Every structure is written in structure tokens, then in C-alpha cells.
Amino acid sequence: MAVETEPHTPFPVHQPAQEHKGGSNGLQIEYPVSEDTDFPLILQEFPEGGLAAWSTAFGSFLMLFCGLGYTSTFGVYRDFYTRHYLIHEAPFAISFIGSFNGFLGNAVSLISGTLYDRGYFYHLIIIGSFLQSFSLFMLSLAKPDQYYQIFLAQSLGSGIAVGMLHVPSLAVISHHFKRKRTLVMTFVTLGSSLGAIIYPIMLNNLFNGRIGFANGVRASAGLTSVLLLVACLCMRTRLDPPTTPVSYIAAARKCFRDVPFIFAIVGVFLFETGLFYPTSYLQLDSIKHGVSTDFSFYSLVILNASNSVGRVTAGYIAAYTGVLNLTVIAAISCGSLIFGLIGLKSLTSVVILGVLYGYFVGLYNAIIGPLVATLAPDHSELGGWMGVYLFIGGCGDLIGNPISGALLTSNYIWWKPALFCGIMSLAGTAMYFVMRFTYLQRQKKNESDNIEELGEVFGGVPKRTVRDIREAGLVDERYNEVREKSRGNRRLMTRAPSWYSGDIQPMENQKPAQSPGLIITSGHEY
């Protein structure tokens, strides 16, 4: 079959290599692709910026501000319910309000991820935004000691809304960014930290001031509604959904056959069973240990402010440590600090634990999106994989806080839940470490296989030279992924760094094996 190339092609398909003029000394590879060609030829272009890309990122920021950011304020609600609004309910029952909200926020992500991959992005964010606003206004109508009213509005309604908004808000970033994806996702997840700072200050002052519970919740609902409207107007998709719908039964099977991902979901289940104990109980713990009420109101603000710093720095740290390494570091730090809550007795200990724990939780939360994106081999299924991951994490959240409340009892025995949650978090950390090990082992094996395959693609080039080519950056690291997706008459042109001086010779009068039209040229004159 004839191979077509673009009009400005500088080399005929079977012409010998020619001088490379007007460029830096570097190695240049061009190879056209026909429909029958089985190796890659073009990398998907991403804008990496522009009005649509950054407005979408800002909209995602606001979505997480109003979704997960508001959910993170449950510590304020817990304190108010325990001391004023649900005084006849056991700590276990009050904890279940927040844990079920968190569970639905993750469980519904399994469905919203599937719908997102099928092209229902706008449906999800519009319906989810409306439901979040409606649920908060309904919560403002709940009466004291009416547990079911609070549960329906705050646990059920708001939990479903957050689940509808979470995955689309993160996954849509992949439409606009690739090289900057981790950094932009870090910025987006900062929205939930900022919401977790603003809302606690707002609610604590409204609940405990002249305005009271009902009007305080209405004020927060009004702010949330305005911000969600702005977010919906800002966000835009760029890529069309797959023409052939992804089979999510097959995707689920693929998830649970992927060894690193299996360890990741076991890790997130164990880790998140203990993760949210400090964020849920820090304010109440401070008050019960004699710290002034006025300062205790700001304990969650301190934790969440430090959380936002962790989210901001996560992208920069991940650039040096790698996503998997940063996940392990953040997890082991959080698990260790949870044990520190056993010794919380003074204002100083509240500040120190709040700052340190908040920072490492921020690192962990910011890296969840990039972690799943790293583990998922096919980004067309990213929404589904992220949904599975968040669902399993939500199951840990569902049981973690109620168990902590049961261990705490009405006598407030603080060391028991802290010990339980610390052990569970470190057990999850161990699974993350095994995840990292198995992933790196698989990458090494794939690297070896790719070098063999590149030797065939470059036809006749020694294996040592092919390895040099790959290390010099001439072939994208996602070679296999792009090869499977690439179709049509396209061309890929990449350039090696100027310092590269491999021993590839011009292929004069040679016909490249198994790669019609492949021409390797050097930047030097012959």
C-alpha cells in the first residue's frame, strides 16, 4: 500500500539521507505512517495552556472548593451536633453522617467516571451542582434532634452531588494538559483545601453567633451556589469521547488484573480507614482537652491551611521524587502523625499536629489524580479507573469514622481511636510500597521489550544504538500506547538533545527493514 506524506516532506520515502540545514546539531527522525503501519507516528497534541484550558482549570478549582472543600468542614458540624443540635445521639451515629457523605462522594465517582468517559461531562457537572446547592438549602431546614432530616440532606444529597462533581473536575484536566498535568491537577485540588479553610471560619462564626445554624447554612449554600454557577460557565471539554464506547465490565476486569493497581486499591482502603480521624475530631478533641473554644474553632483552619501548602508543593516535589515515591512518603508521614494525637493535650500540640498532619495530607490528596493516571495504561479508561480507586477509598472512609466513634465512646477515650487509625494507615502505606515495587518491576520489563521492538522498527540499527536513541529522548515513553492508537497518514518528528552524539550512520542506499519511509539523519554534515 502506498505511503502518503505531507506536502512539505523534505525527504522522499526511499531517498538517501541528505544534509540537515538550519537546525541545531541534533538527531532527527521522520517516518510516515499508513493505515497498515503498526508503529506510532504521532503524539496527541495538547494545548498546555490558553483561555479554554485555564478557564477549565479554574472551574475545576471552584468545583472542588464547593464539593470536597465543603465536605471537609464536617468537623465543624460534628462539634456543633455533639454539643448543641444532636445531643441525644451517640458519637457513632454522628460520625456516620460524615462518613456516609464521604463514602457516597467516592462511591458515586465510580458511576460518574463511567458517564464521564461516555461523554456526559456537562450533564454531570450541571446536575451535581444543582443537587449540592439544593441539599445545603434543605439542610438549613433541619430541626434540632431530627437525625433523619440531617442525614438525608447532608449525607445522602450532598454526598451524591460531591461524587458527581469529583471525577469530572479532575479528569477534564487531561483534555487540555499532558506535560503540565500533574502541576495543574495540584492547582485544581488546592480548591478543596481553600474551601476547607474558608467554610470552617464562616460556619463556626455563624453557628456560634447571632445568626445561628439555619441562617448560617443558608449563607454557605448561597455562596456555594454562586461559585458552582461560575464553575459550570468556565469548564469546557476539548476531546470527543471514544467513538466505540469503553466496555466497563472489561475495564473493571482489567483493573483487577493489574497487579500494581490491586495493591493501590488495597492500600487506599486501609489508609483511608484511618486517614480522616484527625480532620473529623481535631476540633472536638481540642475543646475536650481544655483548649479555649475560640482557638479550637480555628484548629481545622490551621490544619487545612497547611493542607493547601501541601497541595501547592506536591507538584514541584513530585517532579523530583516521582508520583509513586511521593505517595509512599506522604502516606507513611500521615500514619505516623495520627499516633501523635494520643498525646494531644495543649494548644501547642494542636498547632504542631495540625500543621504537620495538614501538610502531608495535602501532599497525599494532591497526588491521587496523578497516581491513578500513572497506573492506568489507557487514558480513555481513566475515569473508570479513578472511579474504582475512589470507590474503594470511600469504603474505607465509610467504616473508619464510625469505628473511631464507637471506640471513643461517650466517655471520650481518645487513645483508642488514634491507635486504631494509626495502625490502619500504616498498613495502607505498606500496600503502597508494594504497589511501587511491582509497578517499577513491570516498567523495567516493558523497557526491555520496547528496546527489542525498537530494534526491529529501526531495522538494522544495533541494539546498543537503539538504547542510546531511546535514552536521548527520540521515542516517546508511551511508545506502546501511542502505537496502538495511531492511525492515518501522519508523521512524527522528534529531536534529540544537542549533546547527543550517537554513532548512527546515514542510511544511504539502504532500505529500512519493516518500516517503509523511515529515515534517520544526523545533524552533522557529511
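Coordinates for the structure precede this section.
Residues numbered from 1 in each chain as written. Predicted model: local features only at pLDDT ≥ 70, side-chain atom pairs only at ≥ 80, totals over all residues. Heavy atoms only, no water.

**Student:** Looking at this model, I keep getting lost on the side chain of S192. Mind explaining?
**Tutor:** Along the chain, the position of S192 falls in helix α7 (residues 181–207). Overall, S192 belongs to the buried group, its relative accessible area being 3%. A polar side-chain atom of S192 sits 3.1 Å from a polar atom in the side chain of R311. Non-local contacts of S192, meaning those with residues more than four positions away in its chain, are made with L64, F65, L68, G69 and R311. (Helix = DSSP H or I, 4+ residues; strand = E, 2+ residues; numbered from the N terminus. Buried < 20%, exposed > 50% of the residue type's maximum accessible area, 1.4 Å probe, protein only. Polar contact = N/O pair within 3.5 Å; in protein donor to acceptor, adjacent residues only side chain to side chain. Contact = heavy atoms within 4.5 Å.)

**Student:** Would you explain the nonpolar core in this entry?
**Tutor:** Taken as a class, soluble globular proteins show a tendency for nonpolar side chains to be buried jointly. If you look at the biggest cluster of nonpolar residues, it comprises 114 residues, and the most contacted ones within it are Y77, Y81, F213, Y364, Y389 and Y432. Residue contributions to this core peak at 13 residues, all from helix α15 (residues 347–375). When near neighbours in sequence (up to four residues on either side) are disregarded, Y81 contacts F74, L86, I87, I94, I97, L139, I150, Q154 and F213. (Core = buried A, V, L, I, M, F, W, Y, C linked by side-chain atoms within 4.5 Å.)

**Student:** Sorry, what's going on with the environment of F261 here?
**Tutor:** Tracing the backbone through its elements, the reader meets F261 in helix α10 (residues 259–275). Residues in contact with F261, not counting those within four places in the same chain, are C255, L375, W385, V388 and Y389.

**Student:** Please explain the pattern of salt bridges as it appears in this structure.
**Tutor:** Any two side chains of opposite charge can pair, given that their charged atoms come close. The full count for this structure, using the stated rule, is two salt bridges. The partner of R442 in a salt bridge is D258, with the nearest N and O atoms 2.5 Å apart. Of the two residues, R442 is situated in helix α17 (residues 415–457) and D258 in the loop between α9 (248–257) and α10; the sequence distance between them amounts to 184 residues. Residue class for R442 comes out partly exposed when judged on its relative accessible area of 25%. (Salt bridge = Lys/Arg side-chain N within 4 Å of Asp/Glu carboxyl O.)

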